[in-house]
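Analysis of the macromolecular model
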Amino acid sequence: MQPVAVLSTVTGNIVLDVAKKLPHVPAHVVASDLAIITGAIVCFLGITRLGFIVDFISLAAISAFITGSAINIAVGQVPTLMGITGFSTRAPTYQVVINILKHLGRTKLDAAMGFTALFLLYLIRIVCNRLAKRYPSRRKTYFFISTLRTAFV
């Protein structure tokens, strides 16, 4: 799930850069073209059996990149979760954190809904994991309840 988030961040940044240089090209066209180009590269690597090249990238570098991107995405979601507007969530992560702290007084009622939903998502997951350990014969049932927690919330 994290690599998808990383790719969406990279795609979003590329679409924004292209929009500055070519404002007449719609964003969805740029994203579609990028997907086709990326797919062609991955297909080429698969056909020529060059997938082993990825093994040369250290695990520490991949982990750091994914962790940094996850933090960036999570911080970018907090203003929406709290109903705070008036600044760009696409700014550098440290600026977004500073802006969130500056505008905490403008938090809307959206925060109550957002934090309640977030709390329930984690609560259901934790409870299902503990029940699955306590009652191994019903592990699949608790797994499916945990998987469907988004629908429940």
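Keep in mind the model is a prediction, meaning the values are calculated, not measured. Sequence order as written defines the numbering, with residues in each chain counted from 1. Reporting in this predicted model follows two pLDDT cut-offs: at least 70 for local features of residues, and 80 or more for side-chain atom pairs to be given and counted; totals over whole chains, interfaces and linings ignore these cut-offs and use all residues. Water and hydrogen atoms play no part in the side-chain values, which are based on all heavy atoms of the structure.

In this description a helix means any DSSP run of H or I spanning at least four residues, a strand means any run of E spanning at least two, and both kinds are numbered starting from the N terminus. Scanning the chain for helices and strands turns up seven helices and zero strands. Between the two quantities, the radius of gyration covers C-alpha atoms and the globule rule is 2.2 Å times the number of residues to the power 0.38. In terms of overall dimensions, the chain is more spread out than a globule: its C-alpha atoms have a radius of gyration of 20 Å, far above the 15 Å expected for 153 residues. Expressed as lengths along the three principal axes of its C-alpha atoms, the size of the chain is roughly 50 × 45 × 30 Å. Accessible area is worked out with a 1.4 Å probe on protein chains only. A residue is then buried under 20% of its type maximum, exposed over 50%, and partly exposed in between. Put simply, the chain has 153 residues, and 16% of those count as buried. Working rule for contacts: check all heavy atoms of both residues, and any pair within 4.5 Å makes them a contact. Across the chain, the fraction of contacts at a sequence separation of at least 24, relative to all contacts at a separation of at least 6, is 41%. For the area figures, the Shrake-Rupley method with a 1.4 Å probe applies, and any residue is considered shielded solely by the protein chains shown. When the accessible surface of the chain is totalled, it reaches about 11,600 Å², and 70% of it is carbon and sulfur.

Here we take up the side chain of Ser146. Its location among the elements puts Ser146 in helix H6 (residues 139-147). Apart from residues no more than four positions distant in its own chain, Ser146 is found in contact with Arg125 and Cys128.

Turning to the nonpolar core, a few remarks are in order. Residues enter a nonpolar core if they are buried and are Ala, Val, Leu, Ile, Met, Phe, Trp, Tyr or Cys, with the set joined through side-chain atoms within 4.5 Å. Judged by nonpolar contacts, Val75, Met82, Ile84, Phe87, Ala91, Val96, Ile100 and Ala111 together constitute the single largest core of eight residues. Among the elements of the structure, helix H3 (59-82) and helix H4 (93-102) are those that each provide at least two residues to this core. Here Met82 is in contact with Leu104, Thr107, Lys108, Asp110, Ala111 and Phe115, once residues within four sequence places are set aside.

The predicted model of the chain has a mean per-residue pLDDT of 88, with 95% of residues at 70 or higher. Ranking the helices and strands of the chain by mean pLDDT puts H6 first, with 94, and helix H1 (residues 2-21) last, with 76. On a range of 0 to 100, pLDDT expresses the predictor's confidence in each residue.

Its place among the elements puts Lys140 in helix H6. Judged by relative accessible area, Lys140 falls into the exposed class, the value being 67%. Considering only alpha carbons, one finds Lys140 and Leu22, 118 residues apart in sequence, at a separation of 51 Å.

So, about helix H5 (residues 110-134). Helix span, as expected, comes to 1.5 Å for every residue beyond the first. A rise of 1.5 Å per residue sets the reference length of H5, with its 25 residues, at 36 Å; its end C-alpha atoms lie 36 Å apart and thus fit the reference within 8%. Three or more residues of H5 are buried, namely Ala111, Gly114, Cys128 and Ala132. On its buried face, H5 sits against H3 and H6.

Any Phe, Tyr or Trp ring, taking Trp's six-membered ring, that has another such ring centre within 6.5 Å forms a pair; planes under 30 degrees apart are called stacked, those over 60 apart edge-to-face, and the others tilted. Within the structure shown, the criterion is met by two aromatic pairs. Here the aromatic rings of Phe52 and Phe56 are separated by 6.3 Å at their centres, their planes lie at 75 degrees, and the arrangement is edge-to-face. Look at Phe143 and Phe144: their rings are 5.3 Å apart centre to centre, the planes differ by 70 degrees, and that puts the pair in the edge-to-face class.

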